[in-house]
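# Structural overview for review
What follows is each chain in one-letter form.
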Amino acid sequence: MKRMIYLDNAATTKTNPAVVEAMLPYFSEHYGNPSSIYEFSAESRKAVDHARETIAKSLGAKTQEIYFTAGGSEADNWALVASAEAFASKGKHIITTKIEHHAVLHTCQYLEKRGYEVTYLDVDENGVVKLDELKKAIRPDTILISIMFANNEIGTIEPIREIGRIAKEHGIPFHTDAVQAYAHVPINVDECNIDMLSASGHKLNGPKGIGFLYIRTGVKIRSFIHGGAQERKRRAGTENVPGIVGLGRAVEIAMANMEERTAKERELRDYLISRVMKEVPFTRVNGSLTDRLPNNTNFAFQFIEGESLLIKLDMAGICGSSGSACTSGSLDPSHVLLAIGLPHEIAHGSLRLTLSEENTKEEMDYTVEQIKEIVAYLRGLSPLYEDYMKKHG
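Reference entry: report on the structure contained in this document.

## Some thoughts on the overall build of the protein
The helix and strand inventory of the protein stands at 15 helices and 12 strands. Here the C-alpha atoms of the protein give a radius of gyration of 22 Å, agreeing with the 21 Å that 2.2 N^0.38 yields for 393 residues. When its C-alpha atoms are laid out on the principal axes, the protein stretches across 75 × 55 × 35 Å. Residues classed as buried in the protein amount to 56% of the 393 residues present. Put simply, 73% of the contacts in the protein that link residues at least 6 apart link residues at least 24 apart. Of the roughly 17300 Å² of accessible surface on the protein, a fraction of 52% belongs to carbon and sulfur atoms. The centroid of the 45 positive side-chain charges in the protein is displaced by 3 Å from the centroid of its 52 negative side-chain charges.

Structure (structure tokens):
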């Protein structure tokens, strides 16, 4: 079997074996419907309650403020659409940014077609929201601010405390897509004045198809899925008990080892960035070097196509991406890289490598050697590189 180095943890993570073990009994042993009243279902109900308590505790939230969803995209859709509907009588203006995940951007476009107005804030060259522009964008009819906690492509962590404070001062609900940040950096919803927060299990070594939306008590928001009385009548449908159990267990593990895990990831991340920047010319790091997710690296290599680099890395046994997994297959350059000011030709040469605690320094060394070799080969085929070297070589 050929070597495989997995460096695409922002797309999805491996489910922790302890998480799988925790889930298994709820498929065929404790399979009762949590909404049923007989004793057999009590075990399922208890397991769901325990997971909800675990997640609430991790955020400094109340148990009844956690609502389970099928993942981060559903949670984002719910926060935006149901808030927009609930506050339509007050106004129809929403503020977000140009670098949000498409689960937010496409939902905003959906709302624009239904008469809502959306302001898409610019970011600086590191992908950081400009707080002065946020303040200027607020209007009397602004009903929601939705700004991600950390960017899924370039890893930049936004000034969430300041954004939350601005939203609170103006009495505007604040939602954050924390899918990439949750359980990777400490988050307290009260300290950050967060009213709604989206997260997803498969980004933190939990199962796919499960996530949650935190909704602060008192926030006016409508139900998103109609039917039964599950999730306190706000999100109908029989609970995904194995998924919920798995998410709860993944959160327990992630919170317990966060400091140690992220310290290791940060060390490997910085080592990888340092070697690539020293050894591969005409390269830049995208995103903030200080306020950055512990496991995120994102490079732009001039004079090459990112897709060709990815294919050759795959042939060398390395899994990476050029941006969000949700837009893989698209020939358009990343909207995030364009928003931070990269020209199309450089944005096309991007590579995102996202690490886990299981990666090693030896794997980083192998990856750097492969990147050097592949980038040199691809540039050798580039007439643009040839012209540049003739003029400046």
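Moving on from the coordinates now.
## Some thoughts on helix α9 (residues 241-256)
Across its 16 residues, α9 extends 23 Å between first and last C-alpha, which sits within 8% of the 22 Å expected from 1.5 Å per residue. A large share of α9 lies buried, amounting to 12 of its 16 residues. The set of residues buried in α9 consists of V241, P242, G243, I244, V245, G246, L247, G248, A250, V251, I253 and A254. Two or three places before G243, at the start of α9, stands the capping residue N240, its side-chain oxygen 3.0 Å from that residue's backbone nitrogen.

## Digging into the sheet that holds strand β7 (residues 196-200)
Spatially, 7 strands are ordered β2-β8-β7-β6-β5-β3-β4 in an open sheet, and the strand pairing comes out mixed. Each edge of the sheet is formed by a strand with only one pairing partner; in this case those strands are β2 (66-69) and β4 (117-121). Ignoring which end each strand starts from, the neighbouring axes of this sheet average 20 degrees apart. Bridge count between β2 and strand β8 (residues 211-215): 4 bridges; the pairing is antiparallel.

## Thoughts on the packing of helix α10 (residues 258-279) against helix α14 (residues 361-380)
Viewed as axis vectors pointing N to C, α10 and α14 meet at an angle of 25 degrees, and their least axial separation amounts to 10 Å. Taken as axis vectors, α10 and α14 run roughly parallel relative to one another. Read as a crossing pair, α10 and α14 show a hand that is right-handed. Residues L268, Y271, L272, R275, V276 and E279 of α10 pack against K361, M364, D365, V368, E369, I371 and K372 of α14.

## A closer look at the nonpolar core
Among the nonpolar cores identified, the biggest contains 64 residues, and L59, I145, Y182, I187, I194 and F212 are the most heavily contacted of them. Not counting residues within four places of it along the chain, the set of residues in contact with L59 comprises I66, Y182, I187, N188, V189, L197, F212 and Y214. Of all hydrophobic cores here, the second largest spans 24 residues; its members include L272, V285, L353 and L355.

## Focus on the packing of aromatic side chains
Counted by the stated rule, this structure contains 10 aromatic pairs. Arranged with centres 6.4 Å apart and planes meeting at 15 degrees, the rings of W78 and F224 form a pair that is stacked. Separated by 146 residues along the polypeptide, W78 in helix α4 (residues 72-86) and F224 in the loop between β8 and α8 (230-233) bring together distant segments of the chain. Over the ring of Y67 we find R232, and its NZ or CZ is 4.2 Å from the ring centre. Between K361 and the ring centre of Y271, over which it is positioned, the NZ or CZ distance is 4.8 Å.

## Here's the deal with the side chain of T107
Among the secondary structure elements, T107 is positioned in helix α5 (residues 102-112). A residue is classified by how much of its surface remains accessible, and T107, at 3% relative accessible area, is buried. At 2.5 Å, the side chain of T107 and the backbone oxygen of A103 are in polar contact. Ignoring anything within four residues of it in the chain, the contact list for T107 reads N77, L80, V81 and H102.

## Quick notes on a nonpolar patch on the surface
The grouping of V20, L24 and F27 at the surface amounts to a nonpolar patch, some 280 Å² of accessible area in total. When you line up the elements, L24 lands in the loop between α1 (17-23) and α2 (25-28).

## Regarding the sheet that holds strand β10 (residues 296-301)
Whenever strands of a sheet pair, they do so through backbone hydrogen bonds, lying parallel or antiparallel. The 3 strands lie next to each other as β9-β10-β12, forming an open sheet whose pairing is antiparallel. In this open sheet, the two strands that pair with only one neighbour each are β9 (283-285) and β12 (350-354). Each strand axis lies, on average, 25 degrees off the axis of its neighbour in the sheet, ignoring direction.

## Considerations on the pairing of strand β5 (residues 142-146)
Most of β5 is tucked away: 5 of the 5 residues are buried. When strand β3 (residues 93-97) meets β5, the two strands line up parallel, connected through 3 bridges. From the neighbouring strand, H93 faces β5, where its bridge partner is T142. Two elements, β5 and strand β6 (residues 174-177), share 2 bridges in a ladder whose sense is parallel. The partner of I145 across the bridge, within β6, is F174. A crossover connection joins β5 to the parallel β6 through helix α7 (residues 160-169); in handedness this β-α-β unit is right-handed.

## Some words on the environment of A88
Turning to its location among the elements, A88 is positioned in the loop between α4 and β3. For A88 and K130, which are 42 residues apart along the polypeptide, the C-alpha to C-alpha distance reads 27 Å.

What counts, and at which threshold
- Residues numbered from 1 in each chain as written.
- Predicted model: local features only at pLDDT ≥ 70, side-chain atom pairs only at ≥ 80, totals over all residues.
- Heavy atoms only, no water.
- Helix = DSSP H or I, 4+ residues; strand = E, 2+ residues; numbered from the N terminus.
- Rg over C-alpha atoms; globule rule 2.2 N^0.38 Å.
- Buried < 20%, exposed > 50% of the residue type's maximum accessible area, 1.4 Å probe, protein only.
- Contact = heavy atoms within 4.5 Å.
- Areas by Shrake-Rupley, 256 points an atom, 1.4 Å probe, with all protein chains shown as cover.
- Lys, Arg positive; Asp, Glu negative; His and termini not counted.
- Charge placed at Lys NZ, Arg CZ, Asp CG, Glu CD.
- Expected span 1.5 Å × (residues − 1).
- Polar contact = N/O pair within 3.5 Å; in protein donor to acceptor, adjacent residues only side chain to side chain.
- Pairing = 2+ DSSP bridges.
- Axes fitted to C-alpha atoms, helices over the stretch in contact; angles between N-to-C directions.
- Parallel < 35°, antiparallel > 145°, perpendicular 65-115°, else oblique.
- Left-handed = near helix turned anticlockwise from the far one by under 90°.
- Core = buried A, V, L, I, M, F, W, Y, C linked by side-chain atoms within 4.5 Å.
- Phe/Tyr/Trp six-rings, centres within 6.5 Å; stacked < 30°, edge-to-face > 60°.
- Lys NZ or Arg CZ within 6 Å of the ring centre and 35° of its normal.
- Patch = residues over 30% accessible without salt bridge, like charges linked within 9 Å, V, L, I, M, F, W, Y side chains within 5 Å.
- Salt bridge = Lys/Arg side-chain N within 4 Å of Asp/Glu carboxyl O.
- Right-handed = clockwise from strand over helix to strand, strands pointing away.

The values are spatial; any link to function lies outside them.
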